[in-house]
Amino acid sequence: MESMILFYKISFFAVLLVSSNIFAEAGTAGVNYGRNGNNLPSPTEVVKLLRSRNVDRIRLFSPDSDALNALQGSGIQVVLGVPNPDVQRIGIDPEFARNWVNNNVLAFNDVQFRYISVGNEIEIPSAAASNAILPAMKNLNDALTAAGKTIAVSTTIKFSLVEESSPPSNGRFSGGSESIMRSIVEFLVANGSPLLVNIYPYFAYNDNQQQIPLDYALFTADRVVVTDNGLQYMNLFDAMTDAAYAAIEKVGGSNVDIVIAESGWPSGENGNIATIPNAQTYVNKLISHVSGTSGTPKKPGKSIETYIFALFNENMKDGLPTERHFGLYFPDMTEIYPVNFL
């Protein structure tokens, strides 16, 4: 009887914690599953790998039917990307948006879709598709609602849209992008959706090595590096994230959450910066940081939903050679370095 009473006391206390706002729910880092390679394992093998590592969230850059079929019934939540070339058509043609939802969402009823991201790092305002982002978000949202699906619709931006990011409280969207971002944020506020942001301390450090200490970029600094209106920063990831939050607030999004759609560190093709030890340090400390409830100095007490870039080294990625060395695994599914998914 005493043990039963103790059980009820513990259960009641657990319910009390869950129902209060004192303790935020700890999160789990996901991964970006890119398929830009000619030597990658089958999606079925990849899903087995993900489940063996307790990875329960992934991001797909496009609605690849082989990958989506493999994910059905897996329990893995999916951030599904709308490819940039489709954004304009979806934005001007509601019927095309409905067909897109039918073919890429409703056809995979056993896939747990977490978000739909309209485009990835579309150049705002210079790209022709930039003015179509918001109409496409609205058309997809309407199509999902009509189909009885509650899936948050957003877009993924690159961090370079944020100007004056140091100190973080100065963060704002560049003048050219501010109008479009204000409209997008209004949609996010109205629908309770997050904004997806790609944040890479690696690129910030690589471009500003004289101003940014390496340990600040790698989560290994043992001191406060930046103080901003009383907020203390010991790592660049938090500073960049809070700069993005500051920019969102300045266009009316004080209640909009950020999801880190991409963050990672390459393990090769850039001298003594892109090394396996640096990549291992950054990724493991990032996972530990975002999976806890410390949050950022500006947004403490909550986990930071984050997707590591990327699952594999992809030998057909465009850009500099280092772009093909962000993977956690080689294409044969052996790990490049140990990763501790919590």
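Residues numbered from 1 in each chain as written. Predicted model: local features only at pLDDT ≥ 70, side-chain atom pairs only at ≥ 80, totals over all residues. Heavy atoms only, no water.

- The chain carries the name Glucan endo-1,3-beta-D-glucosidase in an unreviewed UniProt entry, which gives Papaver somniferum as its organism.

1. Concerning unusual backbone geometry
Backbone geometry follows two general trends: most residues other than glycine have a negative phi, and most peptide bonds adopt the trans configuration.
At step 1: At the junction of Ile 124 and Pro 125, the peptide bond is cis and its omega measures out at 5° in the coordinates.
At step 2: Residue position: Pro 125 is located in the loop between β4 (112-120) and α6 (133-146).
At step 3: In the segment running from Phe 309 into Ala 310, the intervening peptide bond is cis, with an omega of 5°.
At step 4: Along the chain, the position of Ala 310 falls in the segment after β12 (306-308). (Helix = DSSP H or I, 4+ residues; strand = E, 2+ residues; numbered from the N terminus.)

2. As for the packing of helix α4 (residues 84-92) against helix α5 (residues 94-106)
At step 1: At a closest axis distance of 5 Å, the pairing of α4 and α5 adopts a crossing angle of 120°. Of the possible angle classes, the one that applies to α4 and α5 is oblique. Contact residues: Asp 86, Arg 89, Ile 90 and Ile 92 in α4; Pro 94, Phe 96, Ala 97 and Trp 100 in α5.
At step 2: When the residues that make up the contact of α4 with α5 are grouped by side-chain class, the tally is six nonpolar, no polar and two charged. (Axes fitted to C-alpha atoms, helices over the stretch in contact; angles between N-to-C directions. Parallel < 35°, antiparallel > 145°, perpendicular 65-115°, else oblique. Contact = heavy atoms within 4.5 Å. Nonpolar A, V, L, I, M, F, W, Y, C, P; charged D, E, K, R; others polar.)

3. Describing helix α7 (residues 175-191)
At step 1: Spanning 17 residues, α7 covers 25 Å between terminal C-alpha atoms, matching the ideal 24 Å at 1.5 Å per step.
At step 2: At Met 181, α7 shows its maximal bend, which comes to roughly 30°.
At step 3: Inspection of α7 places Ser 177, Ile 180, Met 181, Ile 184, Val 185, Phe 187 and Leu 188 among the buried residues, and these make up the whole buried set.
At step 4: Where α7 is buried, its residues touch α6, β5 (152-158), β7 (172-173), β8 (195-198) and α10 (236-250).
At step 5: One or two residues past the end of α7 sits Gly 192, with phi positive at roughly 65°. (Expected span 1.5 Å × (residues − 1). Bend = angle between axes of the 7 residues up to and from the residue. Buried < 20%, exposed > 50% of the residue type's maximum accessible area, 1.4 Å probe, protein only.)

4. Looking at the packing of α4 against α6
At step 1: Contact geometry for α4 and α6: axes closest at 7 Å, N-to-C directions at 65°. Two packed elements cross with a definite hand, and for α4 against α6 that hand is left-handed. Across from Val 87, Ile 90, Gly 91 and Ile 92 in α4, the residues of α6 making contact are Ile 133, Pro 135, Ala 136, Asn 139 and Leu 140.
At step 2: Tallied by class, the residues present in the contact of α4 with α6 amount to seven nonpolar, two polar and no charged. (Left-handed = near helix turned anticlockwise from the far one by under 90°.)

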